[in-house]
Amino acid sequence: MTDRNNTPIAEKGVVEQVRKISGSVWDMTIHSPAIAGASRAGQFVHVRVSDGFNPFLRRPLSVGPCRGDYLRLIFVVKGVGTRLLAGKHPGDIIDMIGPLGNPFPAPETDQYPILVAGGIGMVPLLLMDNQFVNSIDHDFLLGMRSSAHQTVDDVEIKRLKIVIASDDGSIGYHGTVIDLLENRLTELKRRKIVVYGCGPVPMLQSLKEVCVSRSIPAYISLEVSMGCGVGACQSCAVPRADGDGYYLVCRDGPAFRASAVDLNAGGRS
Amino acid sequence: MRVDTSIRMGRLDLQTPLLTGSGTFGYGDEFRSLVDYSRFGGVVTKSISLEPRPGNPPPRICETSAGGIINSIGLANLGVDGFIAGKAGVLPVDETKLFVSVVGDSVEEFVAVVERLEGVAGISGYELNVSCPNVRRGGLDLGGDRDAVAAVVSEVRSVTGRFMSVKLTPHYAVIGPVAEAAVRAGADAFTLTNTLSGMVVDAESRKPLLGNVTGGYSGPPLKPVALAKVWQAAQVVDVPIWASGGIINGIDGIEFMLAGASGLQLGSVLFADYDAPVRILEEMIEYCVRHGVDRLSDLIGRLEV
């Protein structure tokens, strides 16, 4: 899609800190100099959560903010694998391959970036903010179900000037993050916009429709079931929008031009 | 104590019995920055068909509550011409033995693919995939028919002198007659076994978890099934057997060799541990040292029944 992926690195990271952000959302800082130094926003690491084979597969997780030799993984505990990960302690070793896949392209110099996140989908966008856009004017919009499902803490929300929408109105704007996006697009209609999105597939579908109808370039990051993470097993297929077969999320994505993929049948978040 | 890990495989010598199984290690080049191929016994590529195949609708892989994983890739591949144009120059043929897995919907397709691959230097042999559970035609049906398997083997034999293994399905009640027919037709070896047909259902959504509904079940739960097939085949044919089915550690590998396997293919385990061919060999050497075995090949077929 964009530039070909770089060379995967195998690294045994060391857990520096693990903390709970809210209900089932965890934030882990890992000392992983090679991967942290090479990662770009939108890329992922393939994490072995167990020393044995239960669960059997690695877990693909977006690389969050990186600082120096450290990277952050922010994840929702959904099942056995993420529960094991959340149970790690400082000093524990994390077996990772990364950075994998293609990153988001950087905004062009005359583009005004809008980052649109749904729930845990804000992880790659935190790195995007960190690497590409914090020095230029931009918007960072985040949708969540309620204040109980916060995926980023208040300090970071304030520091990054993240604008929040919640389904129940318990925090920020009462509505969806797509409502926020449409409002901003109306306010910014004289600007040349580029949108970066990550979140649940229905949200990404709406984002794609909004952007395509206004001819605004949009890039989205997808998460799907995955095997090897390096393009060998072809498990992580997502249908191409042109109907000509499939892309692989691990190799051709996870960041795609929104118009290139068919979200009706493919990825899920 | 030094343990000799080399294995004579008909006309081929492998420096270790551990290979990567078809479909789990891509075309052989994807892991180049992560592994040292020269420490592997060999690499078996994804199955290559005559025309490119897009594969099955997603989702294509998931874990199961019984352990192991289930997949339905649907033989997605570049097609033989795309493989030759895009991959022939980057295959790890100088570092290890490279075997190309070949698939077809007909005898003619198998022959046409192999004929084209004959022009690619460095290939050590072929593995004929007559047993993929994830395609409608050919595949599983072909592998279930003794005469059809023999026809594929003998027609492919007529266009190549290279080493040729036949990968069979675990679905036979009795594997002997198919194995015997394939040897008579010119097979040099067998790979036992392919994945077991299976499916996974999500009760909450009332939906299958694979886009293709059914898929191929693999991983540790398959080991007893594959062990039985290897042992049964070893009773009736006198050609090397590559075991494939849930091997995740050195003891698994030893068990398969005792049952009659000369080679060991690693599959699903590679998704968690891509360097498993090196780790598992070390674990097998430990076993040999512990039991005073100085040649790994001395263990082949030494099961005491």
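Values in this document were obtained by computation on a predicted structure and should not be read as measured data.

Caption draft 1: Molecular detail of the pairing of strand S13 (residues 218-221) of chain A. Residue and element names in this part refer to chain A. Going residue by residue along S13, you find Ala218 and Ile220 tucked away on one face and Tyr219 and Ser221 tucked away on the opposite face as well. Relative to S13, strand S12 (residues 193-198) runs parallel, the two sharing four bridges. Across the sheet, Cys198 pairs through a bridge with Ser221, a residue of S13. In this view, the connection linking S12 to its parallel neighbour S13 by way of helix H6 (residues 201-213) has right-handed handedness. Pairing of S13 with strand S16 (residues 255-257) involves three bridges; the strand directions are antiparallel.

Caption draft 2: Fine view of the packing of aromatic side chains. Taken as a whole, this structure holds 13 aromatic pairs over all chains when the rule is applied. A ring pair is formed by Phe25 of chain B and Tyr37 of chain B, whose centres lie 6.3 Å apart and whose planes are at 85 degrees; its orientation type is edge-to-face. Within this pair, whereas Phe25 of chain B is found in the loop between strand S3 (18-20) and strand S4 (42-48), its partner Tyr37 of chain B is found in the loop between S3 and S4, the two being separated by twelve residues in sequence. With 5.9 Å between their ring centres and 50 degrees between their planes, Phe25 of chain B and Phe40 of chain B make a pair best called tilted. Residue Phe25 of chain B is located in the loop between S3 and S4, and its partner Phe40 of chain B is located in the loop between S3 and S4; the two are separated by 15 residues in the primary sequence. Judged on exposure class, the residue Phe25 of chain B and its partner Phe40 of chain B are both buried. Three or more aromatic residues joined by ring pairs make a cluster, and in this case those are Phe25, Phe31, Tyr37, Phe40 and Tyr274 of chain B. Positioned above the aromatic ring of Phe53 of chain A, the side-chain terminus of Arg48 of chain A is 4.9 Å from the ring centre.

Caption draft 3: Summary view of the domain arrangement of chain A. Residue and element names in this part refer to chain A. Assigned domains of chain A: these are domain 1 (9-100) and domain 2 (112-221). One C-alpha centre belongs to domain 1, the other to domain 2, and the line joining them spans 24 Å. Tallying the contact residues gives 18 residues for domain 1 and 18 residues for domain 2. Of the roughly 1300 Å² buried between domain 1 and domain 2, counting both surfaces, carbon and sulfur atoms make up 59%. Of the charged contacts, one joins Arg72 and Glu156 as a salt bridge, the two residues approaching to 3.0 Å between their closest N and O atoms.

Caption draft 4: Local environment of the interface of chain B and chain A. The interface is formed by 32 residues belonging to chain B together with 29 residues belonging to chain A. With both sides pooled, the region where chain B packs onto chain A buries about 2400 Å², and carbon together with sulfur makes up 65% of that total. In this assembly, chain B and chain A are joined by one salt bridge. The salt bridge partner of Glu63 of chain B is Arg59 of chain A, with a shortest N-O separation of 3.0 Å. Linking chain B to chain A there are seven residue pairs in polar contact (both at pLDDT 80 or more). Counting only elements with at least two residues in the side of chain B that touches chain A, the list comes to strand S5 (61-63) and helix H8 (269-272) of chain B. Top element by residues in the side of chain B that touches chain A is H8 of chain B. It accounts for three residues.

Caption draft 5: Broad picture of the sheet that holds S16 of chain A. Residues and elements named next belong to chain A. Strands sit in the order S11-S10-S9-S8-S12-S13-S16 across an open sheet of seven strands; the sheet is mixed. The open sheet is flanked by strand S11 (173-174) and S16, the only strands paired with a single partner. Taken together, the six bridges between strand S8 (residues 112-118) and S12 define a ladder with parallel strand orientation. Across the sheet, the residue bridging to Pro113 is Val194, located in S12.

What counts as what
Residues numbered from 1 in each chain as written. Chains lettered and ligands numbered in written order. Predicted model: local features only at pLDDT ≥ 70, side-chain atom pairs only at ≥ 80, totals over all residues. Heavy atoms only, no water. Buried < 20%, exposed > 50% of the residue type's maximum accessible area, 1.4 Å probe, protein only. Helix = DSSP H or I, 4+ residues; strand = E, 2+ residues; numbered from the N terminus. Pairing = 2+ DSSP bridges. Right-handed = clockwise from strand over helix to strand, strands pointing away. Phe/Tyr/Trp six-rings, centres within 6.5 Å; stacked < 30°, edge-to-face > 60°. Lys NZ or Arg CZ within 6 Å of the ring centre and 35° of its normal. Domains from an automatic or database assignment. Contact = heavy atoms within 4.5 Å. Buried area = accessible area lost by both parts, 1.4 Å probe. Salt bridge = Lys/Arg side-chain N within 4 Å of Asp/Glu carboxyl O. Polar contact = N/O pair within 3.5 Å; in protein donor to acceptor, adjacent residues only side chain to side chain.

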